[in-house]
Structure formats: C-alpha cells, structure tokens
Amino acid sequence: MVVSGKRRLLVVPALAALVLTAMVVGRADAAVGPGGAAVDQALVEPGDVYRCEGKTQLRAVVLTKIAPTTIGETGGVFVPLTDASISVAGPAAAASTDQVIVTFTGEALLTGQPNVLAPVVDAVQVRILVNGAPLPPGAVAFTTDAGQSDALQACATVTGPGPHVVTVQWRLFDFANNSALTGTLRTWELHVEQND
C-alpha cells in the first residue's frame, strides 16, 4: 500500500499465528507393536506437525557404542541396528500413559556411490521405533556421503505397564539400484527420556 509516497508495511499480529499453531486437530489412532503393546501416536497438528506432551521426568537412559557397525544393501528392507535397544517400564495403570522422547546421534559413513555430486544420491537411512512401530518423522537420511555426524529425535506416548522397547533400524537407499553400497555407523548414542 502506498500512502503519501511512503510504503507502509502491513504486519500480521503474532498472536493470530500463535493461536493457529496451538490448535489441536485430534489424536491419531494408537499403533500396536509386537505382543499387542500399545504405542500412542502423537497429537496431530495442522500441516502434519505432531504434538507429544509430557510432564515430570521419570527416567533417562543413554546407551553408547563406539565400535563401528557395518551393513551392506538389504534390498530396501530396514534392519535392526545391533545393540540399539532400550526397554522402559510404562505406567502401572493399564490406561495411563507416559511420554517417551528418543534421540539417536551418530557418525555415519557411506561408501560405494558412483557419484556423490549427483543431485539425487544414495543414502544411509535411520528410523526410531517403539514396540515395533516407527515414530514420526519416519526414515531420514543420516548421511549421503563419505561421513558426517547427524541426529534424529522422535516422541511418543506409551500406554500401560509395558515393557516398552525402543529400537533403531537402518538401511541403505540405492537411488538408481546400481551400486554396491556399504554403510557404517560408529560412535552412536541412543538416549531415551521417560516422562509422566
């Protein structure tokens, strides 16, 4: 808008933006992992944003592995990352829920790519699961080159006493299906925080 030769900026009130992001659309159905243990999905926000709330911290467990773990191509199938598993006891009451926040960090290497400068490249992909159910955001590219440190975080609520098992899976993504890829994860850490 031009007024008297000067431009005026129209500003959208920040309060309106906060109200929109705070609106909860609903709750996704609970997923069921191995043995029938329930894994509640996070609350669904507008635009596929997931909300996962907790209260007082009950427990935190950190598992670190320094020795490298290596895999080859698995035909696109995710496989468990060796030793990346932590069990947490859920709440005592069958209908009660606890929040679980999971962080996975590590150094990933990928070798065997024909051209690392191509716009779409091969990758090491990682995902976090609770009771066998993958958590949002699902599989992410952990590295697409000869080595870097990366992190992935996920959150869910678990229902009932459990035990509830947190695991990490990985695979090699061969974009053109024309490489002999090798992936390595070394010096990784799995951190699980359980909250009321």
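Residues numbered from 1 in each chain as written. Predicted model: local features only at pLDDT ≥ 70, side-chain atom pairs only at ≥ 80, totals over all residues. Heavy atoms only, no water.

Asks: What's the story with the overall build of the protein in this structure? I'm lost.
Replies: Broken down by element type, the protein carries 1 helix and 17 strands. The buried share among the 196 residues of the protein stands at 37%. The long-range fraction of contacts in the protein, counting pairs at least 24 apart against all pairs at least 6 apart in sequence, stands at 75%. By element, 58% of the accessible surface of the protein is carried by carbon and sulfur atoms, the whole surface being about 10800 Å². (Helix = DSSP H or I, 4+ residues; strand = E, 2+ residues; numbered from the N terminus. Buried < 20%, exposed > 50% of the residue type's maximum accessible area, 1.4 Å probe, protein only. Contact = heavy atoms within 4.5 Å. Areas by Shrake-Rupley, 256 points an atom, 1.4 Å probe, with all protein chains shown as cover.)

Asks: Whenever I open this one, the side chain of Gln169 confuses me. Can you help?
Replies: Looking at the secondary structure, you find Gln169 in strand S16 (residues 164–173). Residue class for Gln169 comes out buried when judged on its relative accessible area of 16%. Of the polar contacts made by the side chain of Gln169, one reaches the side chain of Arg127; its length is 2.7 Å. (Polar contact = N/O pair within 3.5 Å; in protein donor to acceptor, adjacent residues only side chain to side chain.)

Asks: For this particular structure, what's the right way to read the packing of aromatic side chains?
Replies: Pairs of aromatic rings are described using the distance from one ring centre to the other and the angle between the two planes. Tallied over the full model, the rule gives 3 aromatic pairs. A ring pair is formed by Phe104 and Phe142, whose centres lie 5.6 Å apart and whose planes are at 40 degrees; its orientation type is tilted. A residue pair is termed long-range when its members are at least 10 positions apart, and Phe104 in strand S11 (residues 97–111) and Phe142 in strand S14 (residues 140–143) qualify at 38 residues. The two residues Phe104 and Phe142 agree in class, both being buried. Centroid distance Phe104 to Trp188: 5.8 Å. Interplanar angle 40 degrees. Geometry classified as tilted. Within this pair, whereas Phe104 is found in strand S11, its partner Trp188 is found in strand S17 (residues 182–195), the two being separated by 84 residues in sequence. Here Phe104 and Trp188 have matching classes, each one buried. Cation over ring: Arg127 sits above Phe78, and NZ or CZ is 4.1 Å from the ring centre. (Phe/Tyr/Trp six-rings, centres within 6.5 Å; stacked < 30°, edge-to-face > 60°. Lys NZ or Arg CZ within 6 Å of the ring centre and 35° of its normal.)

Asks: I would appreciate a short explanation of the confidence of the model for the protein in the present structure.
Replies: Low-confidence regions, as indicated by low pLDDT, have predicted coordinates that should not be scrutinised in detail. This prediction gives the protein a mean pLDDT of 78; 73% of its residues lie at or above 70. Low pLDDT, under 50, characterises residues 1–45; the stretch is placed with 63 contacts to residues that sit more than four places away or in other chains. (pLDDT = per-residue confidence, 0-100.)

Asks: For this particular structure, what's the right way to read the state of the cysteines?
Replies: Should the sulfur atoms of two cysteines be covalently bonded, the bond is a disulfide. In total, this model carries 1 disulfide according to the counting rule given. Here Cys52 is linked by a disulfide to Cys155, with a sulfur-sulfur distance of 2.0 Å. Sign of the S-S torsion, about -70 degrees for the bond between Cys52 and Cys155, identifies this disulfide as left-handed. With Cys52 in the loop between strand S7 (49–51) and strand S8 (57–65) and Cys155 in strand S15 (residues 148–159), this residue pair connects regions lying 103 residues apart in the sequence. On the accessibility criterion, Cys52 (18% relative accessible area) is buried. When its relative accessible area of 18% is taken as the criterion, Cys155 is described as buried. (Disulfide = S-S within 2.5 Å.)

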